[in-house]
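Remarks on the overall topology
Residues per chain, in single letters:
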Amino acid sequence: MNRGVSLWPPAASEYATAVDAIFIGLLVVSGAILLLVAMLLLVFCTRYRRGSSAPRGDLPEFIRRDVEIGWTAAALFLALFIFWWAASVQIHAGTPPPGALEIHVDAKQWMWKTRHPNGAREINALHVPRGEAVRLVMTSQDVIHSFFVPAFRLKQDVLPGRFTETWFRATQPGEYHLLCAEFCGTDHARMRGAVTVMEPEEYTRWAAAQPMELDLAAEGSALFTSLGCSGCHAAASSVHAPSLAGIYGRVIHLSDGRTVRADSAYIRDSILQPKRDVVAGYAPIMPTFAGLLDEGELQRLLAYIESLRAAERR
Amino acid sequence: MSGITAERAAPEAPPTREDTYLTAETGLASWLLSTDHKRIALLYMAGLTLFFFVGAAGAAAVRLELFTPEANILTADAYNRAFTLHGTIMVWFFLVPSIPVTLGNFLVPLMIGARDLAFPRLNLISWYVFMAAGALAIWSLVAGGVDTGWTFYTPLSTAFANGHVLTAAAAVFVAGFSTIATAVNFIATVHLLRAPGLTWFRLPLFVWAIYATSLVMVLATPVLSMVLLLVFAERAFGIPIFDPARGGDPLLFQHLFWFYSHPAVYIMILPAFGVMSEIITCFARRQIFGYTFMVYAIVWIAVVGFLVWGHHMFVSGQSTFANLAFSFLSFVVAVPSAIKVFNWTATLYRGQIVFDAPMIYALGFIGLFTIGGLTGLFLASIPVDVHVTDTYFVVAHFHYIMVGGAVSAFYGGLSFWWPKITGRLYPEGWARFAAVTMFFGFGFTFFPMFIMGFLGMPRRYQVYPPEFQVWHVLSSAGAVILAVAYLLPMGYLAWSLFRGRRADPNPWGATGLEWQTSSPPPKENFRTLPVVEEGPYLYHPEHAGPPALEREPHRPQGSQQ
Amino acid sequence: MSGAAAARHKPWRSLRREREAASFGTWIFIGSEAMFFAGALLGYAVYRTLWPEAFAEAGRETNLVYGTVNTALLLTSSLTMAVAAEGARARLRRLTLICLAATAVLGLAFLVVKGLEYREDIHKHLVPGPGFKLAGTPAAQIFFAFYWLATGVHALHLSIGIVIVGTLLVQAWRGASPLASPAFESAGLYWHFVDLVWIFLYPLLYLVGRS
């Protein structure tokens, strides 16, 4: 990975370049302010040391009042400028482009488990193609962890009981540290791995060569039947239950008047806490599956329900 | 320079000396049952010194282990308990109380011309509660330790950690009572016991700082108490609060915890600001530049400090809107600190600067605090924070402020008021050497951490990728120098108690009311209560500069009637 | 009134100033207590927003009769406490003693009713954990987590208040503590605050889901 002593981490993602620009800008500004303060201290301490011949005497009124207001205003302006710059970068980088390669990440004490869309799985490792947007959908099985790839300037906490997401677009092939950045117990420091960035063709070859398993959505389809979901939600069912075709990403009207967008969290909650956000026009008769599913099964169901978008949308 | 020392020493012991608060009563009971704020300050000093060593032991274990990338000395669990010990003890049993309960307790009544705090018996009870809490904390250590980090994040602390979380949480909870009681005491004292003529805008900035700190203590600490209670209930009784499997939200813990813990860092630094203003004015022989702005800066920090807690949670899964709001407010709260740094610097302009030990500590403070504060701008910028949060960059940032700032100020304040507290002078040469050593030792220890944090070295890691070793070695070596700088003053200050020359009432020629009484003060502080006619820091006449040789201030703040 | 009277403790020089200080200090302390309970109320608010039906379902399990009786007891006790504090200020010894006693008795009655209520709650399996009554609604356990926590902490504060009132009663009866002492007003402020907390807790724990 790194040889010798380096002062700058590799910048291997699009975001990293923007972050580094802000960091360098801040270094310059901070350096200038520090230098200013240091120079003033040095000059004043020398010139006005006790007994020196420099003139003392009153401070002119403009120094007392205007200088004070002046540097307050300057500090405020500088602070707001840096805020605006940093906030713009963050807002711009906020959402992943549609069609990003979606990787599911499962964190547990003390390892990372990643799954590619075609079912390939890795432990403490992640292979990704260069130049493509990669979206990470992550959850934890126990405590809070944090997915940290310094070379990408990427970090996102991974929580139990919900999904958190982040995304990146890698720009440099190579192998980079993957670290856990939220203290998670005994082997927190050993919960490490490697993110490998490959050229797109290499990645495709690599993914195809992984041990084949049913992809997540197919497994989810099997679960959908075996758990009885299709008993109510299939088109032929006599039970009045909302159809799930094309549901992912759609705006849903709830019985209490609110509208929500059906994202991963909503679908997940509908499975575990069905009485919470009931769709308008339907009775709250869906049973809860809390305690009946583990995280892996939930992720498969999610993948299946999301895939219904492509297949059945009119 | 030695001429000045000779000026400050009292003539050899007069035939009969009046009783001071140290000699008024003797015997252990007279100390342990004393309601005299000055004696209680010394009781706290003893306790804090003990806890400082305990917390430092944790740091020593950590820095020793980190000399090499592999685990050599400690098991993984032992290491995790070591850094948890370090953080928990240093935050709650050293930094939060430090300046307020020692210097604040001793000086606030003297500075406002009162005979004691508003509630002297409550003051004594505060000390006992504090020591009991500390005993509980040490018990949790002896019994095997806690391994959650000082931040106690759920669900690790409630459901997965194996250490003595309950005992540690209880210790911090109990310590909170002591904090709140002390704060109530200070607030009432400043409101109700000021000497005649001492209006709010004539108060020394140290009193303003203690007052603002106390307001923050009173409003923030109870939220910590509640969140610790919730963690205790969940861990001890299985009651679900933060458990996601039963509908709980681990992020609620973080919000409640940081709602206290961010104002807590202002509790730790505001008193240091107060000490700075007292020292710099005295050793530059000038009025503070921009007194009114300095007061409003303290108030601005105290108020806005309650609104920025979410900047500890930028990658926690919080919404982008919340992130932006907290980022904005964090930038806003940086401005008053900048004002203070500029004003201290400007106070030196056209002064008659003397470089005694307190002044060297103060100059070191300005440098280290400026660096620490500027790196706060980095952390307030969300994209940068995403990269460096939970790395050594943050560790460096807060140590620059807490240690480079607050601890330097504490040592500086001790050096400044030592003659007043003990009636003794310490050897100048050693003191200046210690102050300079502290500045350089600190830099060696903590500057490499900025670099390795940006390179990607995470916090709370016992083992690490080998490319970080060079920075860790630098840091651990610096820690040795820093340790020397901390121990030296303990040595020569203790020596001064027995062999130091006796001090006269005002060895530094300072203006505050505390310097208008003997060193050490009598038990009742003043023979007759002073009346105040002036504002603070009148080292020189209104439209002139300070004289070079004259050591008496132009006008002390008040005089005993 | 008592302006010229000497203070009872240093550093105060007049009783009037000492009373002012005691009252001021108690108000600040109450401010900190308000923040303490605010933390719990915030947690409650967050979870009620997240799980409104679960909270409504759980809220219907609390005993409205016990809760309302307790509210009446506590409100009345605040009245008697206020009269006691004013009586002390006016040096009316008998009135003060009677009202302090009434306050303590009403406080104890509250605790007795609370004890009966807790016993019934345990009997009805309303303690969070395995065997919880509303097993199908996990978030209902969170409602009851706050129920037990908030009422328990409130009861603890009330007990401390009863001890304080009892101590003042005994001291005043024996004459060991003059009626002019600042303690009466401070105790009154504290008692009213404990009552105020209950006034917040009552609708949040007993009236949710019942409209």
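Residues numbered from 1 in each chain as written. Chains lettered and ligands numbered in written order. Predicted model: local features only at pLDDT ≥ 70, side-chain atom pairs only at ≥ 80, totals over all residues. Heavy atoms only, no water.

**Observations regarding the confidence of the model for chain A**
All names here are of chain A. Averaged over all residues, the pLDDT of chain A is 88; the fraction at 70 or higher stands at 96%. Element-level pLDDT for chain A is lowest in helix α7 (residues 295-312), with a mean of 75, against a maximum mean of 97 in strand β6 (residues 145-149). Low pLDDT, under 50, characterises residues 310-314; the stretch is placed with three contacts to residues that sit more than four places away or in other chains. (pLDDT = per-residue confidence, 0-100. Helix = DSSP H or I, 4+ residues; strand = E, 2+ residues; numbered from the N terminus. Contact = heavy atoms within 4.5 Å.)

**Topic: the packing of aromatic side chains**
Going through the model one piece at a time under the given rule, you end up with 85 aromatic pairs over all chains. On the numbers, 5.6 Å between centres and 20° between planes, the contact of F253(B) with F257(B) is stacked. Pair noted here: F253(B) and F257(B) are both in helix α10 (residues 250-284), with a separation of four residues, about one helical turn. Just as F253(B) is buried, F257(B) falls in that class too. Between the aromatic rings of F283(B) and W508(B), the centroid separation amounts to 5.2 Å while the plane-to-plane angle is 65°, which identifies the pairing as edge-to-face. With F283(B) in helix α10 and W508(B) in the loop between α17 (469-499) and β1 (530-532), this residue pair connects regions lying 225 residues apart in the sequence. By relative accessible area, F283(B) is classed as buried at 1%. Among the residues examined, W508(B) registers a relative accessible area of 4% and is labelled buried. Linked through ring pairs, W8(A), F23(A), F378(B), F393(B), Y400(B), F442(B), F446(B), F447(B), F450(B) and F454(B) together constitute an aromatic cluster. Above the plane of the ring of F148(A) lies K155(A), whose end atom (NZ or CZ) is 4.0 Å from the centre. A cation over an aromatic ring shows up here: R276(A) above the ring of W51(C), its NZ or CZ 4.6 Å from the ring centre. (Phe/Tyr/Trp six-rings, centres within 6.5 Å; stacked < 30°, edge-to-face > 60°. Buried < 20%, exposed > 50% of the residue type's maximum accessible area, 1.4 Å probe, protein only. Lys NZ or Arg CZ within 6 Å of the ring centre and 35° of its normal.)

**Thoughts on the interface of chain B and chain C**
In this assembly, 38 residues from chain B lie in contact with 33 residues from chain C. If you sort the residues of chain B by the area they bury against chain C, L192(B), M226(B) and R246(B) come out on top, with a joint share of 21%. Run the count over chain B and chain C and you get zero salt bridges. In this assembly, chain B and chain C are joined by seven residue pairs in polar contact (both at pLDDT 80 or more). The element best represented in the side of chain B that touches chain C is helix α9 (residues 205-237) of chain B, accounting for nine residues. Here the residues of the side of chain B that touches chain C sort into 28 nonpolar, four polar and six charged. (Buried area = accessible area lost by both parts, 1.4 Å probe. Salt bridge = Lys/Arg side-chain N within 4 Å of Asp/Glu carboxyl O. Polar contact = N/O pair within 3.5 Å; in protein donor to acceptor, adjacent residues only side chain to side chain. Nonpolar A, V, L, I, M, F, W, Y, C, P; charged D, E, K, R; others polar.)

**Observations regarding the domain arrangement of chain A**
Residues and elements named next belong to chain A. Parsing chain A into structural domains produces domain 1 (1-51 + 94-213) and domain 2 (216-313). Tallying the contact residues gives 15 residues for domain 1 and ten residues for domain 2. It is H104, R115 and F163 that lose the most area in domain 1 upon contact with domain 2, and together they represent 46% of the buried surface on that side. Seen at the junction of domain 1 and domain 2, the total is zero salt bridges. Taken together, the connections running from domain 1 to domain 2 amount to four residue pairs in polar contact (both at pLDDT 80 or more). Counting residues per element, the ones that place at least two in the side of domain 1 that touches domain 2 are β1 (101-108) and β5 (133-140). The element best represented in the side of domain 1 that touches domain 2 is β1, accounting for four residues. By residue class, the composition of the side of domain 1 that touches domain 2 is three nonpolar, four polar and eight charged. (Domains from an automatic or database assignment.)

**Describing the interface of chain A and chain B**
Counting from both sides, the interface comprises 78 residues of chain A and, opposite them, 88 residues of chain B. For the chain A and chain B pair, buried surface summed over both sides reaches about 7,400 Å², with 71% attributable to carbon and sulfur atoms. Linking chain A with chain B are zero salt bridges, by the criterion used here. Here chain A and chain B share 19 residue pairs in polar contact (both at pLDDT 80 or more) between them. Elements with a contribution of two residues or more to the side of chain A that touches chain B: α1 (14-47), α2 (61-92), β7 (154-158) and β9 (174-180) of chain A.

**What about the environment of L216(A)?**
One can find L216(A) in helix α4 (residues 216-226). Once residues within four sequence positions are removed from consideration, L216(A) is found in contact with H104(A), R115(A), P117(A), R300(A) and A303(A).

**Topic: the pattern of salt bridges**
A side chain of one charge can pair with a side chain of the opposite charge when the charged atoms of the two come close. Residues and elements named next belong to chain A. Throughout the structure, instances matching the rule amount to 25 salt bridges over all chains. Between E14 and R169 there is a salt bridge, with its nearest N and O atoms 3.1 Å apart. With E14 in helix α1 and R169 in strand β8 (residues 164-169), this pair connects stretches of sequence that are 155 residues apart. Owing to a relative accessible area of 42%, E14 belongs among the partly exposed residues under this scheme. Of the residues examined, R169 reaches a relative accessible area of 24% and is grouped as partly exposed. Measuring nitrogen to oxygen at the nearest pair gives 2.8 Å for the salt bridge that ties R153 to D20.

**Some points on the environment of L74(B)**
Residues and elements named next belong to chain B. Within the secondary structure, L74 is located in the loop between α3 (37-65) and α4 (76-95). Along the backbone, L74 and A143 are 69 residues apart, and their C-alpha atoms lie at a distance of 17 Å. Beyond its immediate sequence surroundings of up to four residues, L74 is in contact with A61, E65, Y79 and Q462.

**What about α10(B)?**
Residue and element names in this part refer to chain B. Over its 35 residues, α10 extends 51 Å from the first C-alpha to the last, a length consistent with the 51 Å expected when each residue adds 1.5 Å. The axis of α10 is deflected most strongly, by about 30°, at W258. Of all 35 residues in α10, 32 are buried, a share of seventy percent or more. You can read the cap of α10 off the contacts: a side-chain oxygen lies 3.0 Å from the backbone nitrogen of L251, and it is on D249. Within two residues after α10, R285 carries a phi angle of roughly 60°, on the positive side. (Expected span 1.5 Å × (residues − 1). Bend = angle between axes of the 7 residues up to and from the residue.)

**A few points about a nonpolar patch on the surface**
Among the surface-exposed residues, W8(A), I24(A), L27(A) and V28(A) lie close enough to one another that they form a single nonpolar patch of about 360 Å² accessible area. In this fold, V28(A) is placed in helix α1. (Patch = residues over 30% accessible without salt bridge, like charges linked within 9 Å, V, L, I, M, F, W, Y side chains within 5 Å. Areas by Shrake-Rupley, 256 points an atom, 1.4 Å probe, with all protein chains shown as cover.)

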